[in-house]
Amino acid sequence: MRIVKEGYIFIISTFAVGLILFFSNIGIIADILGFLFILASLFCLYFFRDPDVKITEGKNLILSPCNGTVLEVSESETEKVVRVFLSVLDVHLQRSPIAGKVVGVEHKPGKFLKAMEPQAHIVNEQNIITIENENGKYLVKQIAGILARRCVSWVKSGDILKAGDKIGVIKFSSQVDIHMPKNVDVKVKFGDKVVSGVSIFAILNR
């Protein structure tokens, strides 16, 4: 199983502290703490996993940029938006929902409200990755939560992406939003479980 590179520092450091405490012969408290640190290391190993997936192929498809549970589907006069909650048990790696060119990567500092809070997608710390193709612009927002304190983008302006290419990771529970053009037919609803690069979020109406 592959691990995203951002996870190694958490996995190695917690495992090392656990071993030191467990074999320190200080006493039962140190043994218990050591065991807990080793468990934390195993959890980080699970959390930062990068599983193999078969990317869904097809014309005019907008794929899920993340794993998680759909929080909200909304639309305005200019766009449609799907918001997804990522629990600590979900894969936290994000993928490009479309083939296109990265035209912007913006970091916005902010708060760390719970992902379920109505204002979280507005006021929380986030990265906004804008991907453009002949059909319009698509914004993928990596949004920090109460536990997620850092969103990491692996792409930069000018990068050319295929649908399903890896674009970043969020450390611990969080939220991902995708903003799409108005002329798409959304295929997910509140409560749906989605898989990055696999689930079809929407189909473009030409």
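Note: the structure precedes this text.
Since the structure is predicted, the reported quantities are computational estimates derived from the model, not experimental observations.

Participant: Would you mind going over the overall build of the chain with me for this structure?
Facilitator: When helices and strands are counted, the chain shows 3 helices and 16 strands. Taking the contacts inside the chain whose residues are at least 6 apart along the sequence as the reference set, 68% of them involve residues at least 24 apart. Summed over its atoms, the accessible surface of the chain is roughly 10500 Å², and 62% of this surface lies on carbon and sulfur atoms.

Participant: I'm lost on the sheet that holds strand β7 (residues 100-108) in this one. Help?
Facilitator: Consider a sheet: its strands pair through backbone hydrogen bonds, and that pairing is either parallel or antiparallel. One open sheet holds the 8 strands; their spatial order is β11-β7-β8-β9-β13-β5-β4-β15, and the pairing between them is antiparallel. Single-partner strands in this sheet number two, and they are β11 (160-161) and β15 (193-194). As judged from the 8 bridges shared by strand β8 (residues 126-133) and strand β9 (residues 136-144), these two strands associate in the antiparallel manner. Within β9, the residue paired with asparagine 133 across the bridge is glycine 136.

Participant: How do you make sense of the nonpolar core when you look at a structure like this?
Facilitator: Here is a general trend for soluble globular proteins: nonpolar side chains tend to be buried in one another's company. In terms of nonpolar packing, the biggest core is built from 27 residues, with Ile62, Val82, Val84, Met180 and Phe201 touching the most fellow members. Every element with two or more residues in this core is listed here: β5 (79-86), β8, β9, β12 (166-170), β13 (174-181) and β16 (200-204). Grouped together as the second largest cluster of nonpolar side chains are 10 residues, Ile11, Phe47, Val91 and Leu93 included.

Participant: Can you help me understand unusual backbone geometry in this one?
Facilitator: One can expect most non-glycine residues to show negative phi and most peptide bonds to be in trans. Its identity as a non-glycine residue notwithstanding, asparagine 60 has a phi of 65°, on the positive side. When you line up the elements, asparagine 60 lands in the loop between β2 (49-50) and β3 (61-63). Accessibility expressed as a relative area gives 25% for asparagine 60, which makes it partly exposed.

Participant: When you look at the packing of aromatic side chains in this model, what are you seeing that I'm missing?
Facilitator: Describing an aromatic ring pair means giving the distance of the ring centres and the angle of the ring planes. Applying the stated criterion across every chain yields a total of 4 aromatic pairs. Taking the centre distance of 5.4 Å and the plane angle of 85° together, the rings of phenylalanine 22 and phenylalanine 23 count as edge-to-face. Given the relative accessible area of 36%, phenylalanine 22 is considered partly exposed. Overall, the relative accessible area of 57% leaves phenylalanine 23 in the exposed class.

Participant: Would you explain helix α2 (residues 28-47) in this entry?
Facilitator: Note that an α-helix has 3.6 residues per turn; residues three or four places apart therefore point the same way. End to end, α2 covers 28 Å across 20 residues, agreeing with the expected 28 Å (1.5 Å per residue, within 8%). Of all the residues in α2, the buried ones are Ala30, Gly34, Ile38, Ser41, Cys44 and Phe47. Residues of α2 that are buried in the fold lie against α1 (8-22), β2 and β12.

Participant: I tried to follow the sheet that holds β12 on my own but got confused; where do I start?
Facilitator: Strand order in the open sheet formed by 3 strands is β6-β12-β10, and the pairing between neighbours is antiparallel. Single-partner strands in this sheet number two, and they are β6 (93-95) and β10 (151-153). Pairwise comparison of adjacent strand axes, ignoring direction, gives a mean angle of 25° for this sheet.

Participant: What's the story with the side chain of glutamine 142 in this structure? I'm lost.
Facilitator: Mapping glutamine 142 onto the fold places it in strand β9. For glutamine 142, a relative accessible area of 0% translates into the label buried. Of note is the side chain of glutamine 142, whose polar atom sits 3.1 Å from the backbone oxygen of valine 152. Contacts of glutamine 142, omitting those with residues within four sequence positions, involve Gln94, Glu125, Gln126, Asn127, Ile129, Cys151, Val152, Ser153, Gly168, Val169, Ile170 and Gln175.

Participant: What am I meant to see in the environment of alanine 202 here?
Facilitator: By the secondary structure assignment, alanine 202 is in strand β16. In the structure, alanine 202 is positioned 22 residues away from methionine 180 in sequence and 8.9 Å away in space, judged by C-alpha atoms. What alanine 202 contacts, discounting residues up to four positions off in sequence, is Asn60, Leu61, Ile62, Met180, Val184, Asp185, Val186 and Lys187.

Thresholds applied
Residues numbered from 1 in each chain as written. Predicted model: local features only at pLDDT ≥ 70, side-chain atom pairs only at ≥ 80, totals over all residues. Heavy atoms only, no water. Helix = DSSP H or I, 4+ residues; strand = E, 2+ residues; numbered from the N terminus. Contact = heavy atoms within 4.5 Å. Areas by Shrake-Rupley, 256 points an atom, 1.4 Å probe, with all protein chains shown as cover. Pairing = 2+ DSSP bridges. Core = buried A, V, L, I, M, F, W, Y, C linked by side-chain atoms within 4.5 Å. Buried < 20%, exposed > 50% of the residue type's maximum accessible area, 1.4 Å probe, protein only. Phe/Tyr/Trp six-rings, centres within 6.5 Å; stacked < 30°, edge-to-face > 60°. Expected span 1.5 Å × (residues − 1). Axes fitted to C-alpha atoms, helices over the stretch in contact; angles between N-to-C directions. Polar contact = N/O pair within 3.5 Å; in protein donor to acceptor, adjacent residues only side chain to side chain.

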